[in-house]
Amino acid sequence: MEVLRGFSEPNMATSTRIQNVAPRPGFSALHRLRKRRKGQRVKDPLDDLLLKTLTSQRAMEERFLQMEERRFQRDLDVEERRMQLEQRRFELEREHEFRMFNVFAQMLSILKQSHSGSSSSVAMPRGLDFSQALSEITGMGGGGGGDLQEMRARPLSERRVDMHGFCSPSDFQRSPYLSARGNIASIFRGSTEEGYKAYHADKYDEDKNPNGIINFGTSENKLCFDLMSKRLTQTDMNLMEPPLLQYPDWTGHMFLREEVARFLTYYCKAPAPLKAENVIVLNGCGSLFSALATVLCDPGEAVLIATPFYGGITQSVFLYGNVKLVYAYLDSKITGTSTRPFQLTVEKLEKALQNARAEGVTVRALILLNPQNPLGDIYSLSELRDYLEFAKRHELHVIVDEIYMLSVFDDSATFHSVLGMDRLPDPQRTHVMWGITKDFAVSGIRFGTLYTENQDVANAVASLCYFHGVCGPVQHKVAQLLRDRDWINQVYLRANRARLKAAHTYVTDELKTLGVPFLNRNAGFFVWIDFRKYLKTGTFEEEMLLWKRFLDNKVLLSCGKAFECSEPGWFRIIFADKTHRLQLGMQRIRKVLEEREQEILAEEKEQPCQSEQDGKADSTDEVIFVSRHQEPTSASSSNLGDLIGLLQQQMRSSDWLQKNTAEQFAQEKPEIYDVFSKLVGKQ
Ligand SMILES: Cc1ncc(COP(=O)(O)O)c(C=O)c1O
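Everything quoted here is computed from the prediction, not taken from an experiment.

### Quick notes on the site of the ligand
As a matter of local geometry, the ligand sits amid Gly284, Cys285, Gly286, Tyr310, Asn373, Asp401, Ile403, Tyr404, Thr437, Lys438 and Arg446. The backbone of Gly286 places a nitrogen or oxygen atom 2.9 Å from an oxygen atom of the ligand. Residue Asn373 places a side-chain N or O atom 2.7 Å away from an oxygen atom belonging to the ligand. Here the ligand has 400 Å² of accessible area as a free molecule, and 94% of this is covered by the chains. Placement of the ligand is best described as lying within the largest pocket.

### Quick word on the sheet that holds strand S2 (residues 279–282)
As summarised here, the arrangement of the 7 strands in space is S2-S8-S7-S6-S5-S3-S4, forming an open sheet in which the pairing is mixed. If you trace the sheet from one side to the other, it starts and ends with S2 and strand S4 (324–329), each paired once. Pairs of neighbouring strands in the sheet enclose a mean axial angle of 25°, with direction left out of account. Bridge analysis of strand S5 (residues 363–369) against strand S6 (residues 397–401) gives 5 bridges, and the strand direction is parallel. Each bridged residue has a counterpart across the sheet, and for Leu368 the counterpart in S6 is Val400. Its contacts with the sheet place helix H10 (residues 254–267) against S2, strand S7 (430–435) and strand S8 (448–452), and it is angled at close to 110° to S2. In the packing of helix H12 (residues 312–319) onto the sheet, contacts are made with strand S3 (302–307), S4 and S5, and the angle to S4 comes to roughly 150°.

### Side note on the nonpolar core
One finds Phe263, Leu264, Leu304, Phe440, Phe531, Phe550 and Ile589 to be the most contacted residues of the largest nonpolar core, which totals 152 residues. In contact with Phe263, not counting residues within four places along its chain, are Met405, Leu406, Trp434, Phe440, Leu482, Arg485 and Ile488.

### Focus on the packing of helix H8 (residues 194–201) against helix H19 (residues 540–552)
The N-to-C vectors of H8 and H19 enclose an angle of 5°; their axes lie 12 Å apart at closest approach. When the interaxial angle is binned, H8 and H19 end up roughly parallel. Along its contact with H8, which presents Glu194, Gly195 and Ala198, the element H19 presents Trp547, Lys548 and Leu551. When the residues that make up the contact of H8 with H19 are grouped by side-chain class, the tally is 3 nonpolar, 1 polar and 2 charged.

Conventions we followed
Residues numbered from 1 in each chain as written. Predicted model: local features only at pLDDT ≥ 70, side-chain atom pairs only at ≥ 80, totals over all residues. Heavy atoms only, no water. Near = heavy atom within 4 Å. Polar contact = N/O pair within 3.5 Å; in protein donor to acceptor, adjacent residues only side chain to side chain. Areas by Shrake-Rupley, 256 points an atom, 1.4 Å probe, with all protein chains shown as cover. 1 Å grid on protein atoms, 1.4 Å probe; cavity = no way out; pocket = protein on both sides within 12 Å on 5 of 7 lines; lining within 4 Å. Sits in = over half its atoms within 2 Å of the grid points. Pairing = 2+ DSSP bridges. Helix = DSSP H or I, 4+ residues; strand = E, 2+ residues; numbered from the N terminus. Axes fitted to C-alpha atoms, helices over the stretch in contact; angles between N-to-C directions. Contact = heavy atoms within 4.5 Å. Core = buried A, V, L, I, M, F, W, Y, C linked by side-chain atoms within 4.5 Å. Buried < 20%, exposed > 50% of the residue type's maximum accessible area, 1.4 Å probe, protein only. Parallel < 35°, antiparallel > 145°, perpendicular 65-115°, else oblique. Nonpolar A, V, L, I, M, F, W, Y, C, P; charged D, E, K, R; others polar.

Written out as structure tokens, the structure reads:
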């Protein structure tokens, strides 16, 4: 072989060069010998032998040359074939790029059309009508105010969404520096973060800024900084090995994914060990919503969610993925199959899905928040099963957000993770998220995790993880934290639950004293409060005014519109805060409410019949509501508190006090007066 290769070396370039090969020494000797024999005609046996040798050598050489030529021809064919394949691959790549370009161009034109509000390319006279653009792009559900029935009757595409109602998008000027999408992103930030920005500019500080804003609006746990900072600064947390300082697997280091799998297996009570390869970690559940929406839906498609819901989801699913939300409206009335206010039922999900489909909207997934933010509801196993079965029937993915799963602070309440279910109706379409932000009181550490058995979904999300990675040293810390089961169970969770419960009790007792109805739940950091009686008219504009009034009085709350609540007048208070801030915040709230009450009374005196005509919400029903749906297991002392709140509320919101003076009552029914006055603490 070596000989052959050496022999063919000079002829590698082309087969034609073979013809130009210089005659070899053996070849010319044969030629000379033939000439000599022609001249001498003497038969010499040695000559004969030489002639035969040279002839056969020549035949061999010719044979070699033929073989060589054939080999070159073969090589040439292979080379030509390779070039053709290369060319074809190149063409396919171009075609693919062209197709992708078309898809992007279509996406852009859809986005542009949505902005301009028409399919024509006529320029808008005053820049973009953002309000309209938003209603068309994101406008699947919430009403900008007014009557809910009327709003629901309108087609989804006509409904307007004022991005949490904080600011009207039309207040925004279109920036010439931004794309249409950039302008919308800018509106999101402007509208959702007005209060947040105000808070950061004027934060309350006991010593340095006692007149600053108290933040009851952001869902953070501020009760456990002491425990967390102590644990996170222990020596086992400080590791700086080379792998932590290098690019990681984008889905997270294996040591962390294994730890997450063990952690979730334990706390979600999974029937079998969860697998590390089904775990992805990234920088928070907000990013996870964004990634999941992008990989499960195409632009313009939708995800079903019950309102009220944590409003950040709107932004998460829309900003990158251009995915819309379709709302299943829950409200405070107990009707049909629901047994508690704002109860999620399959009936409501079905209705919302059918409405969306009737309008040509493709719904790909259902989002479930459990425990629910802002309601604090925890779903029972049978409820969970019903929702998952509903999703399976309609081939919807289910994104289950369990970010508050360890923040259940009353033993009477039991949280069920879908990962703990014996059998998932549709495991390939069930995706569960959790993070440390809430349950470990560290919203500054961006960490969220996805558990999905669907490897296609996992792979697609993994691609996006490149943009949402968690840095190596933090991955190490989180793994150490999740591994420390003793500390979590014996120290952290015990203290956290006790503190959450105490803070919740403080705020709800205050509300009872104020006679304000609320949902009494045992999970999360929030109380869902009914301030409807403080609205002069039952509109979102009034709700907005009340929200601003609180902010002017240096207390930041979240109003119902921020959660796309269908009834104006509901607010969310975050109670997971230190006592001195809770006290001051509640004091400021009380002041606003008392002022409002006086104003409303004064106006009603001036126009006695007006309030009914205005459609002002009568919260009397809901006081009974809230009281009635109290957990039967709750302590009798809290029922007594509710009763007092209920009585106070009913007295204030009716003309009972005018009609029934205390003296008159005491004379008529002295025994009842005695009990009653003890109850309301007026003796
Ligand atoms: C229900 C719910 N899911 C997700 C998030 C966002 O979580 P993260 O801080 O991990 O982005 C929040 C934050 O308030 C939330 O309330």
